[in-house]
Amino acid sequence: MLDDTDRRLLRHYQYDATLGPAELAELAGLTPATCARRLEKLYKSGIIRGNHAVIDWRALGYAVEVSLRITLDKTQPRAFDEFMEAARQVPDVVEIQTFLGRVDVRLSVIARNMAQYQQVYRSSILTLPHIADIEALMHVARIKSDEVLPL
């Protein structure tokens, strides 16, 4: 599906998506027109999903991050769908992941401090439907957080 030229283009693009078309083309060894066509193809095929700002929420005053591992009550036929619908509405939940196994869902919750986290936990998390079990893991440090692929 990808050839060496696409991989080279993606390697440069994922490190700096703010590069202009001419700069990216030069780094990838392409003409600007070829670079633009290939990028368009990568977007249309869904390989490149988009560009977005990565904001450091800690720099904005959010000092607490907690991972909540949740097991749902699977005796309820719509438990998963109803839980997901409700969890998406909690603004302090910045990531939702699903799993196969004992844990069904992981929520990543941020807060400015422990008092705010406790408020969010009590008023927004514990009220989510169909929770059978919940375990909180306090984040201490993020050692690696990288979406750069080894292309």
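Our subject is the structure that appears above.
Residues numbered from 1 in each chain as written. Predicted model: local features only at pLDDT ≥ 70, side-chain atom pairs only at ≥ 80, totals over all residues. Heavy atoms only, no water.

Participant: Before we move on, could you go through the nonpolar core and cite the residues and values that matter?
Facilitator: Formed by 18 residues in total, the largest nonpolar core has its most connected members in Leu68, Phe83, Leu107, Val109 and Ile125. Elements supplying a minimum of two residues to this core: strand S1 (64-72), helix H4 (79-87), strand S3 (105-111) and helix H5 (114-125). For this core, the element with the highest residue contribution is S1, accounting for five residues. Ignoring sequence-local partners within four residues, the contact set of Leu107 consists of Val66, Ser67, Leu68, Ile70, Phe83, Ala87, Val93, Glu95, Ile96, Ile125 and Leu128. The next biggest cluster of nonpolar side chains, apart from the first, holds 12 residues, and it includes Leu9, Leu24, Cys35 and Leu42. (Core = buried A, V, L, I, M, F, W, Y, C linked by side-chain atoms within 4.5 Å. Buried < 20%, exposed > 50% of the residue type's maximum accessible area, 1.4 Å probe, protein only. Helix = DSSP H or I, 4+ residues; strand = E, 2+ residues; numbered from the N terminus. Contact = heavy atoms within 4.5 Å.)

Participant: Describe the layout of surface pockets, with residues and values.
Facilitator: Roughly 1,400 Å³ of volume is contained in the largest pocket. Looking at the largest pocket, it is lined by 34 residues, and the ones nearest its centre are His52, Val54, Asp146, Glu147 and Val148. Those elements that provide at least two residues to the lining of the largest pocket are helix H1 (4-15), strand S2 (93-98) and S3. With four residues, the top contributor of residues to the lining of the largest pocket is H1. Residues belonging to the lining of the largest pocket are distributed by class as follows: 16 nonpolar, eight polar and 10 charged. (1 Å grid on protein atoms, 1.4 Å probe; cavity = no way out; pocket = protein on both sides within 12 Å on 5 of 7 lines; lining within 4 Å. Points joined across faces, edges and corners; volume = space filled by probe spheres on them. Nonpolar A, V, L, I, M, F, W, Y, C, P; charged D, E, K, R; others polar.)

Participant: Requested: an account of unusual backbone geometry, with residues and values cited.
Facilitator: Within the chain, His130 stands out as a residue other than glycine whose phi angle is a positive 70 degrees. Turning to its location among the elements, His130 is positioned in the loop between H5 and strand S4 (131-138).

Participant: With reference to specific residues and values, describe H5.
Facilitator: When H5 is considered as a whole, its buried residues turn out to be Tyr117, Val120 and Ile125. The arc that holds the buried residues of H5, viewed along the axis, is 60 degrees, so those residues lie on one side. Looking at H5, the residues exposed on the side facing more than 90 degrees away from the buried face are Ala115, Gln119 and Arg122. Two to three positions downstream of the cap, the backbone nitrogen of Ala115 sits 3.2 Å from a side-chain oxygen, assigning the N-cap of H5 to Asn113. (Arc of directions from axis to C-beta. Polar contact = N/O pair within 3.5 Å; in protein donor to acceptor, adjacent residues only side chain to side chain.)

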